[in-house]
Amino acid sequence: MTKVTGLLVGGLLAGSGAAWADAHGCDLGSGNVRILGNDFGAINSVVDRAMECTTSGEMTSNLTTEHKDIQVAALTADPAEYTVAIVANGSLVPLLNEGLVRPLNDLVEQYGQDLSPTQLIRVGDDIVAVAFMANAQHLFYRQDLLEEAGVEPPRTIEDVIAAGQAIREAGIMEHPFVMNSATGWNLGQEFNNMYLGYGGQFFEPGTAQVSINNEVGMQTLETLKALADLSNPDFLTFDSNATSAIWEAGDAALGLLWGSRGTNILDDEGSTEQVTTNTVLAGAPTVGGGDTPATTLWWDGFTIAANASDEDAAASFQAMVHGIDPAILETASEQAVWLVEGYEPTPVAQGVAESAAGGATPYPMLPYMGLLHTALGNELADFMQGKESAEQALADVEAAYTTAATEQGFLR
């Protein structure tokens, strides 16, 4: 089992300790920089700053919500199609499994001396990524609509369900709840969040043997179904872009959404003052009488492709270090929970900060976790639509995972 170390929960709220000077500029000399990453505000800001660098080589970026689907093939090419992949806990694992990530020890020594140790994600002795922000899904709620329904802000998932039912029964809103429940990765992640909140373990200790077909798994599915019943019937199509749009349109009162979407939701674009001034970001609720927030803690960071030349790797690393230097706080401080010197949590970051302080569990960086995540995302839709039982859904997940894990050599 690969041991991955680096970002600590305590480090999420403390800042990174990085102290490089923006005044040094960013002249790369030569070398190509080709960046692949997700498409949302904070990452756009990082990449925009990286693109300020100058080089006689190529400077390009592709920021897309499909980045996880194309990164392995793109970095498998030799030379790699992209020299940089911006990743999170989960999306790094497939790259590690295929040996597509370059150890960064030499580049950190030469160009990243001021990076904090908490930013350096290691596999054994190798630095494989540099983290620059933290993220988590947590509770968003409309204070005005809760008051109209006569309910207090929720602290537990059970409170969320009760509040949603009260809002519906009062005739305020037929579909008061939203979550990122699109079939595939998003639906799998909703299971992960809730299962960890219930205190579940994904695998038998020290093995790749899946361990979700149990009472905790059943409770998790029943709770997700109760939440989905408060959502629009199209909930199996809802990704982060869809749920953000629903919230900004004023069509939801309660949501479990990514903290990184808070800035766009609270700004003065695409919504109304009534929505933005009454939206509160709070820590992820607990569930089932437990005290662990029902979410997973994530970091976002950058890696350098193993199949990039030394020249391109050096240029790409320097550009990304420039992208995440403290000057980013001058224009983007409210876009993320930054792991950057001088960062102080803003109201937008409050939900992530509270979830971290409450002991939210980091997403498991195990080489076979991605296979389970995929099985969950693919196999739970029928249950969520009422087409099969929880028992059958969990059995389907277990069978799909076991087949995939056996094919890849994790199980015999």
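Data block above holds the structure.
Everything numeric here is computed off the predicted structure, so don't read it as measured data.

Engineer: Looking at this model, I keep getting lost on the nonpolar core. Mind explaining?
Structural biologist: Nonpolar side chains tend toward joint burial in soluble globular proteins. In this structure, Phe191, Ile212, Leu227, Leu254, Leu372, Met384 and Tyr401 are the most contacted members of the largest nonpolar core, which totals 69 residues. Per element, the largest residue contribution to this core is 6 residues, and it comes from helix α17 (residues 390–407). Leu227 has contacts with Ile157, Val160, Ile161, Phe177, Met179, Met194 and Leu256, leaving out every residue within four places of it along the chain. Core analysis: the next-biggest nonpolar cluster, separate from the first, contains 48 residues, Leu63, Ile304, Ala332 and Val340 among them.

Engineer: Looking at this structure, how should I read unusual backbone geometry?
Structural biologist: Excluding glycine, most residues fall at negative phi; most peptide bonds, likewise, are trans. Cis geometry marks the peptide bond from Asp78 to Pro79; its omega dihedral reads 5°. Here Pro79 shows up in the loop between α2 (67–76) and β6 (84–88).

Engineer: Would you mind going over the state of the cysteines with me for this structure?
Structural biologist: Note: disulfide means a covalent bond formed between the sulfur atoms of two cysteine side chains. Enumeration over the complete set of coordinates arrives at 1 disulfide. Put simply, Cys26 and Cys53 are joined by a disulfide, and their sulfur atoms are 1.7 Å apart. Across the S-S bond of Cys26 and Cys53 the torsion is about 85°, and the bridge reads as right-handed. With Cys26 in the loop between β1 (4–5) and β2 (27–29) and Cys53 in the loop between α1 (41–50) and β4 (54–55), this residue pair connects regions lying 27 residues apart in the sequence.

Engineer: Help me understand the pairing of strand β7 (residues 120–123) in this model?
Structural biologist: Moving residue by residue along a regular strand, the side chains alternate between the two faces of the sheet. Bridge analysis of β7 against strand β8 (residues 126–142) gives 4 bridges, and the strand direction is antiparallel. For Ile121, the partnering residue across the bridge sits in β8 and is Ala129.

Engineer: I keep staring at the pattern of salt bridges and nothing clicks. Help me out?
Structural biologist: When charged atoms on two side chains of opposite charge get close, those side chains can pair. Counted by the stated rule, this structure contains 7 salt bridges. Between Glu52 and Arg49 there is a salt bridge, and its shortest N-O distance comes to 3.8 Å. By relative accessible area, Arg49 is classed as buried at 11%. As a salt-bridge pair, Glu174 and Arg168 come within 3.8 Å of each other at their nearest N and O atoms.

Engineer: Quick question: what am I supposed to make of the packing of α2 against helix α3 (residues 89–97) here?
Structural biologist: Helix packing for two helices is described by the angle between their axes and how far apart those axes are. Across the interface, α2 lies against α3 with an axial gap of 10 Å and an inter-helix angle of 25°. One element, α2, and the other, α3, form an angle in the roughly parallel class. Seen from above, α2 lies across α3 with right-handed handedness. Contacts between α2 and α3 involve Lys68, Gln71, Val72 and Leu75 from the former and Ser91, Pro94 and Leu95 from the latter. Class assignment for the residues of the contact of α2 with α3 results in 4 nonpolar, 2 polar and 1 charged.

Engineer: Can you walk me through the side chain of Asn180 in this structure?
Structural biologist: Relative to the helices and strands, Asn180 resides in the loop between β9 (177–179) and α7 (185–197). For Asn180, the side chain forms a polar contact with the side chain of Thr243, separated by 2.7 Å.

Engineer: What is the right way to look at the environment of Ser316 in this model?
Structural biologist: Within the secondary structure, Ser316 is located in helix α12 (residues 310–323). Under the relative-accessibility criterion, Ser316 is labelled buried at 0%. Taking the C-alpha atoms as reference, Ser316 lies 8.3 Å from Ile35; in sequence the two are 281 residues apart. Among all residues touching Ser316, those that are not within four sequence positions of it are Asn32, Val33, Thr83, Val84 and Ile304. A distance of 2.7 Å separates the side chain of Ser316 from the side chain of Thr83, its partner in a polar contact.

Engineer: Help me understand the environment of Asn180, please; the structure alone is not making it clear to me.
Structural biologist: The class for Asn180 is buried, based on a relative accessible area of 1%. With 10 residues separating them in the primary sequence, Asn180 and Glu190 have C-alpha atoms 7.3 Å apart. When residues no more than four places from it in sequence are discounted, the contact partners of Asn180 are Gln137, Asn186, Leu187, Glu190, Phe238, Asp239, Ser240, Thr243, Leu256, Leu257 and Trp258.

Engineer: Which parts of the structure should I look at to understand the packing of aromatic side chains?
Structural biologist: Note on aromatic pairs: each is described by the distance of the centres and the angle between the planes. The full count for this structure, using the stated rule, is 11 aromatic pairs. Ring centres 5.3 Å apart and planes at 20° place the aromatic pair Phe191 and Tyr195 in the stacked group. Of the two residues, Phe191 and Tyr195 are both situated in helix α7; the distance of 4 residues between them amounts to about one turn of the helix. Across the pair, Tyr195 and Phe191 agree in class, each one buried.

Engineer: Help me understand the pairing of β8 in this model?
Structural biologist: Among the 17 residues of β8, 16 are classified as buried, and the element is accordingly described as predominantly covered. Where β7 hands over to β8, the hairpin turn is made up of 2 residues, of which Gly124 adopts a positive phi near 60°. As paired strands, β8 and strand β12 (residues 296–304) are joined by 6 bridges and run antiparallel to one another. Its bridge partner being in β12, Ala134 is matched across the sheet by Trp299. Note: β8 against strand β13 (residues 337–338), 2 bridges, orientation antiparallel. Within β13, the position partnered with Ala134 by the bridge is Val337. Examined bridge by bridge, β8 and strand β10 (residues 254–258) share 5 bridges and lie antiparallel to one another.

Conventions and cut-offs
Residues numbered from 1 in each chain as written. Predicted model: local features only at pLDDT ≥ 70, side-chain atom pairs only at ≥ 80, totals over all residues. Heavy atoms only, no water. Core = buried A, V, L, I, M, F, W, Y, C linked by side-chain atoms within 4.5 Å. Buried < 20%, exposed > 50% of the residue type's maximum accessible area, 1.4 Å probe, protein only. Helix = DSSP H or I, 4+ residues; strand = E, 2+ residues; numbered from the N terminus. Contact = heavy atoms within 4.5 Å. Disulfide = S-S within 2.5 Å. Pairing = 2+ DSSP bridges. Salt bridge = Lys/Arg side-chain N within 4 Å of Asp/Glu carboxyl O. Axes fitted to C-alpha atoms, helices over the stretch in contact; angles between N-to-C directions. Parallel < 35°, antiparallel > 145°, perpendicular 65-115°, else oblique. Left-handed = near helix turned anticlockwise from the far one by under 90°. Nonpolar A, V, L, I, M, F, W, Y, C, P; charged D, E, K, R; others polar. Polar contact = N/O pair within 3.5 Å; in protein donor to acceptor, adjacent residues only side chain to side chain. Phe/Tyr/Trp six-rings, centres within 6.5 Å; stacked < 30°, edge-to-face > 60°.

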